[in-house]
Every structure is written in structure tokens, then in C-alpha cells.
Amino acid sequence: MKVVAYSFSFILLFLLSSCSLLLSDAERQVVGQWKQVTLVSKNYMEFGADHSVTNYIQVNIPMGGKALMVARGSWSLENEELRIQYKGTPEIATEGSAKTIEKAIELIAPELNMEALEDQEVSFSCTGQKNDKLQLDGVGWKPASSSEIQEMEQFRKEHSKKTEL
């Protein structure tokens, strides 16, 4: 019985670790952690070899504090089109009050409300990596570190809000 359990565990571990072996060269260029930083926001995307994606958008609120929107879903790459299908409503985390959350959403996506963000699909023109940057719609995304992603997750855990807007 133990031999069967060990064999099953080994096979399962092998299949999970070989997931990245099934990726095309172009897909392997997408897999990883990427960031784009501006004066008012930080945008991180984490693309998994299992085609999962997590997008973190953190903004500095003019009246003080920070807000973070976290959206999760899946990704695919067809030719040079990177498609992201977000699942569910993005999670909002903020250091402030409900008023701060409203202001954060205005900054993150002024034309959208939370219902419009639910199950959203977006596409980018993806021309792969050039000079250690992932090119999405002609904009270079720099590699992000695991510690930067962990910082986003820690903020999300500490400041997550359940708010009806």
C-alpha cells in the first residue's frame, strides 16, 4: 500500500513540475513576475506556468494612504495576442475608509464600476522579451521580485475590505 501511495505521489509531483515543459517558447517568455511602475501606481502581473495570472494594481491615494486591487484569472497566448480572462470580482484592499475605496477605484479604473470588472477579459499585443523586459502593447514590463509580490499579498491580507459601492 505504501509503495502505491509513494508511486502516486511521485507521478503527481512529476506531472505538476513538468507543466512548464509543455509551454511553447513564447509562453515561457511570459511566465514569471512582471512590474510596471509610474509616479502614482505600481502594477504587478504574475503569470504561472499553469496559465494562472494574478494582477496587482496599487495606487497612492492623493488624500493619503494606498489602495490595492487584486484580480485573478487565467491567461493564454495565441500568436502574439496575450489574453487574460479574469474570474470573479477583483478584491480591494485599502488603508482608509469606504470613501478612500471609492477614490481608489476612481484612480484605478475611472470608467468602470466593480460589476464591470467582474469576469473581465483583456488582450495585449505580446512580442515577447526584449532587453529583459516583457513587451505588452509596446510597453516594457520589468521583472519583479518575489519579495515585491509578497509585499502586495501582505498588504492585501492586512487591508482587505468587503465593501458595496
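Residues numbered from 1 in each chain as written. Predicted model: local features only at pLDDT ≥ 70, side-chain atom pairs only at ≥ 80, totals over all residues. Heavy atoms only, no water.

## Remarks on the confidence of the model for the protein chain
Then, number 1: For the protein chain, the average pLDDT comes to 79, and 69% of its residues sit at 70 or higher.
Then, number 2: Taken as a whole, residues 12-20 scores under 50 in pLDDT and shows four contacts with residues more than four places along the chain or in a different chain. (pLDDT = per-residue confidence, 0-100. Contact = heavy atoms within 4.5 Å.)

## Observations concerning the pairing of strand S2 (residues 41-47)
Then, number 1: Across the seven residues of S2, five count as buried, placing the element largely inside the fold.
Then, number 2: Once strand S1 (residues 32-37) ends, the chain turns through three residues before running back antiparallel as S2.
Then, number 3: Pairing geometry for S2 and strand S3 (residues 52-60), over seven bridges, is antiparallel. In the strand pairing of S3, serine 41 is matched with valine 59. (Buried < 20%, exposed > 50% of the residue type's maximum accessible area, 1.4 Å probe, protein only. Helix = DSSP H or I, 4+ residues; strand = E, 2+ residues; numbered from the N terminus. Pairing = 2+ DSSP bridges.)

## Some thoughts on the pattern of salt bridges
Then, number 1: Under the definition given, this model contains seven salt bridges.
Then, number 2: The salt bridge partner of arginine 156 is glutamate 91, with a shortest N-O separation of 3.3 Å. Of the two residues, arginine 156 is situated in helix H5 (residues 146-159) and glutamate 91 in strand S6 (residues 91-94); the sequence distance between them amounts to 65 residues. Take arginine 156 and glutamate 91: they sit in the same class, and that class is buried.
Then, number 3: Connected via shared salt-bridge partners are Arg72, Glu91, Glu153 and Arg156. (Salt bridge = Lys/Arg side-chain N within 4 Å of Asp/Glu carboxyl O.)

## Let's talk about the environment of leucine 77
Then, number 1: Its place among the elements puts leucine 77 in strand S4 (residues 66-78).
Then, number 2: On the accessibility criterion, leucine 77 (15% relative accessible area) is buried.
Then, number 3: With 49 residues separating them along the chain, leucine 77 and cysteine 126 place their C-alpha atoms 8.2 Å apart.
Then, number 4: Aside from chain neighbours lying at most four places away, what touches leucine 77 is Ala26, Glu27, Val30, Leu82 and Cys126.

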